[in-house]
Amino acid sequence: MSVGEFKPLVVAFCCNWCSYAGADLAGTSRLQYPAEVKIIKVPCSCRVNPLFVLRAFQKGADGVIICGCHPGDCHYSTGNYYTRRRITLLYSMLDYLGIEKGRTHLEWVSAAEGVKFATVMNKFVEQVYELGENRRLEDWRCKS
Amino acid sequence: MKRIGVFVCHCGTNIAATVDVVKVVEAAKLEPGVVHAAEYPYLCSEAGQNMIIKAVDEFGLTGVVVSACSPRMHETTFRKAAAKAGLNPFMVEISNIREQCSWIHKDSKDGTEKSIILTRAAIAKVHLNEPLHPGESKVTKRALVIGGGIAGIQTALDIAEAGFPVDIVESTPSIGGKMAQLDKTFPTLDCSACILTPKMVDAAAHENITLHTYSEIEKVEGFVGDFTITIRKKARYVDMKNCTGCGLCYEKCPVKKAPSEFEQGLIKRTAIYTPFAQAVPNVPVIDKTQCIKLKTGKCGLCEKVCTPKAIVFDQQDELITEKYGAVIIATGYDQISLEKFGEYSYNSPDVITGLEFERLTNAAGPTGGDLIRLSDKKKPRSVTFIQCIGSRDTSKRGKPYCSKICCMYTAKHAMLIRDKYPQIEVNVFYIDVRTPGKNFDEFYRRSAEEYGVNYIKGQVGKIIDQGEFLTLQSVDMLGGKRMDLQTDLVVLATAIEPVKSVRIIASMLTASIDTNNFMTEAHPKLKPVESPTAGVFLSGVCQGPKDIPETVAQAGATAAKVIGLLVKDKLMTNPCTAESNEKFCNGCSACTKVCPYGAIAYDDGIVHVNKALCQGCGACAVTCPSGAMDLQGFSNRQLMAEVDAICR
């Protein structure tokens, strides 16, 4: 899977009620997924401001994935619908900026879907590996 | 700058075997603001917690980071420890280096590196943590049980006995559920109705229980302690108060062609009907899809014969709204559809399911308990049971799980036949016979050894209905041979699944559901009767396949948890609520429109958050165009700091 020295950095925003619990279940079930994925817990996927995604890219992330409850199953009833619309808009903005489509991803993972969580992460990281380093949005002025 | 203490847990070898905890401690010490870092074998132990408490005092810590298991496990533990040390409990952050590092990464270097990064992110966040103070919310001392089967009845009775009012909502005309349809129960062979009906009567008669039969949940609002739920009482077209339950109406009803749901469609019922003789309440309903009067305006025979004038053809659905502190889901199961299992010739009248057999062998059933073939009404010479129809089936058409009850009810069915009709030969095709339960294996062995039931290890590939008899193309795995077995009646141990409506109910209550439509528990071992959604509890098969003794035991456990909630006068609310900075608010009120709880009020060109209503999702914080709205505990700055720390 690895291409040369490149080891991508992937930020995953996971909602507390479904996806973070799904990640926990993947952990308890000892399902392997790449260490490149670093999870940030949010109460709901709708807490993810598209600016956080841009910030991650600006700071050098190579991929950002947002995970929430399945549509209709949101703990806050409607939060993931907002996420879906916001991220759809973000996709087109990133596309306009010239950021490869595969670097951002939105996925629904329930608390019972440990296997899905691991599968999604494996697939996403592989995809980011194929895209290579994020050079377009990374802001070198942000590097210390 | 904060004075931060970092504590890294070994979790025995759970973490320490893969993650170099000493390296994590050393790396943490280099982070700004960290004045103390240490590791410990079990931080959640009393000694571990005391170590944190001591360190807070000794180093004057104002923030604590615990790198250990998931916050879903021990966040509360460490917050309580911090509170003991005099810190605000919300000055604690957890970095999850067990579920997210040591348990999933085999490579120690990867695991350690990632643990360092996750700990760094938690340190960055805790720098921006502010003391938070939970508010209080009231508890409505009333529970709602959805589903009136044995699970729902038992939960309701236990809660009612503790002195709290309980409402049961049941979608069918009577409570009783699947257990009311069963003939005998394993492993004692006592009569199902004999042990269930007294409970049904108790539930109806209990001063603390209100039954809403033929009713469904329409709408759910609110949260733990304060749910507002609308119930739709479907029109029965019969006045519950006036009806005496004499039964003259259904005797006279000229429509006799509707399949009886209670009898599994084995016989027909009338348009006005009571599902079964011991129904509670004993008040009939009119099936509006069948009734001539409701469809064409003619007939009305039942109205004419009803002396107490209980028939009300213009009755409408009624909506009732009530407040509850807790909701219990006890919606139960159905057998799966056998549509996709064509090889078993379920369309043949002599191939039936386990539940249909229950009715066929029941003295109150359509044949009066006389076991006959439905095609020619003849007594079968042999009956063959086939196990695991759709259970333990990884193809898309079946269910991957074991339905748990079939091995035992098949042993029961087989014994009942051999007991009543010793001349009938009984065969059972099985993959494995699973009998983990008190007196279960003894029961199964009795069926084979004392009752002479012929157990064949193997599966049936195809059933061919040949009129006089059925031919089963099958394999005897132990004998190592293919065989064509001729039999007169086949019973399919059909997989069970949660009722379809549970998805809608779970969605209304925002309770999680798994890929097989079973309700998810808050923790599979430690919180088996609670849903992850506070105030929502689980009882019976909606949570996973189980038999009657297990269901009753779980129903009691659920009731205990519900009572534990209802005895409280106040609940602590989540302090991670939204907050608007009035200096930045431009009064656009976009936030008020996205709030699912109506927690944001727009007043005088500025918005205010009602902390009692806010549940802390953060939708408003992202919507706010001027950056005035933020979420405490997950603020823009905190989340950005985590992003920065991870991407450094």
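Residues numbered from 1 in each chain as written. Chains lettered and ligands numbered in written order. Predicted model: local features only at pLDDT ≥ 70, side-chain atom pairs only at ≥ 80, totals over all residues. Heavy atoms only, no water.

*Asks:* When you look at the nonpolar core in this model, what are you seeing that I'm missing?
*Replies:* When a protein is soluble and globular, its nonpolar side chains tend to lie buried together. Membership of the largest hydrophobic core comes to 54 residues, with the highest contact counts inside it found for Val11 and Phe13 of chain A together with Ile600 and Met629 of chain B. A total of six residues in this core trace back to one element, the largest contributor, which is helix H18 (residues 636-646) of chain B. Residues lining this core come from more than one domain, with at least three contributed by each of domain 1 (4-126) and domain 5 (578-632) of chain B. (Core = buried A, V, L, I, M, F, W, Y, C linked by side-chain atoms within 4.5 Å. Buried < 20%, exposed > 50% of the residue type's maximum accessible area, 1.4 Å probe, protein only. Helix = DSSP H or I, 4+ residues; strand = E, 2+ residues; numbered from the N terminus. Domains from an automatic or database assignment.)

*Asks:* Is there a simple way to explain the environment of Ala68 of chain B in this structure?
*Replies:* Residue and element names in this part refer to chain B. Tracing the sequence through the fold places Ala68 in strand E3 (residues 63-68). A C-alpha to C-alpha distance of 5.5 Å links Ala68 and Ile97, two positions 29 residues apart in sequence. In contact with Ala68, other than residues within four places in its own chain, are Cys9, Ile15, Ser95, Asn96, Ile97 and Arg98. (Contact = heavy atoms within 4.5 Å.)

*Asks:* So what exactly am I meant to see when it comes to the state of the cysteines here?
*Replies:* Two cysteines, two sulfur atoms, one covalent bond between them: this is a disulfide. Residue and element names in this part refer to chain A. Counted according to the given criterion, the structure contains two disulfides over all chains. The disulfide that involves Cys18 links it to Cys69, with 2.4 Å between the sulfurs. For the disulfide bridge between Cys18 and Cys69, the dihedral angle about the S-S bond is near 100°, and by the sign convention the bridge is right-handed. Of this pair, Cys18 sits in the loop between strand E1 (10-15) and helix H1 (19-28) while Cys69 sits in the loop between strand E3 (63-68) and helix H3 (79-97), and the two are 51 residues apart along the sequence. Cys69 matches Cys18 in its accessibility class, with the two residues each being buried. (Disulfide = S-S within 2.5 Å.)

*Asks:* Please explain the interface of chain B and chain A as it appears in this structure.
*Replies:* Interfaces are often sized by the accessible area lost when the parts come together. Listed per partner, the contact involves 51 residues of chain B and 52 residues of chain A. Where chain B abuts chain A, roughly 4,300 Å² becomes buried across the two surfaces, and 59% of that area is made up of carbon and sulfur atoms. Taking the shortest distance from any N to any O, the salt bridge between Asp24 of chain A and Arg72 of chain B comes out at 3.2 Å. Scanning the region where chain B abuts chain A turns up 17 residue pairs in polar contact (both at pLDDT 80 or more). Contributions of two or more residues to the side of chain B that touches chain A are made by helix H3 (71-84), helix H4 (98-102), helix H5 (108-126), helix H14 (502-509), helix H16 (590-594), helix H17 (619-623), strand E34 (629-631) and H18 of chain B. With seven residues, H18 of chain B is the single largest residue contributor to the side of chain B that touches chain A. In terms of residue class, the side of chain B that touches chain A is made up of 21 nonpolar, 16 polar and 14 charged. (Buried area = accessible area lost by both parts, 1.4 Å probe. Salt bridge = Lys/Arg side-chain N within 4 Å of Asp/Glu carboxyl O. Polar contact = N/O pair within 3.5 Å; in protein donor to acceptor, adjacent residues only side chain to side chain. Nonpolar A, V, L, I, M, F, W, Y, C, P; charged D, E, K, R; others polar.)

*Asks:* Mind showing me how you'd approach H3 of chain A here?
*Replies:* Residue pairs spaced three or four apart in an α-helix point in one direction, given the helix's 3.6 residues per turn. Look at H3 of chain A: 27 Å from first C-alpha to last across 19 residues, which is about the 27 Å you get at 1.5 Å a residue. Among the residues of H3 of chain A, Gly79, Asn80, Tyr82, Thr83, Arg86, Ile87, Leu90 and Leu94 of chain A are the ones counted as buried. End-on view of H3 of chain A: buried residues confined to an arc of 130°, all on one side of the axis. Exposed positions of H3 of chain A whose direction lies more than 90 degrees from the buried face are Arg85, Leu89 and Tyr96 of chain A. Tucked into the core, H3 of chain A has its buried residues touching helix H2 (50-58), E3 and strand E4 (104-108) of chain A together with H16 and H17 of chain B. Backbone geometry just downstream of H3 of chain A places Gly98 of chain A in the positive-phi region, at approximately 90°. (Expected span 1.5 Å × (residues − 1). Arc of directions from axis to C-beta.)

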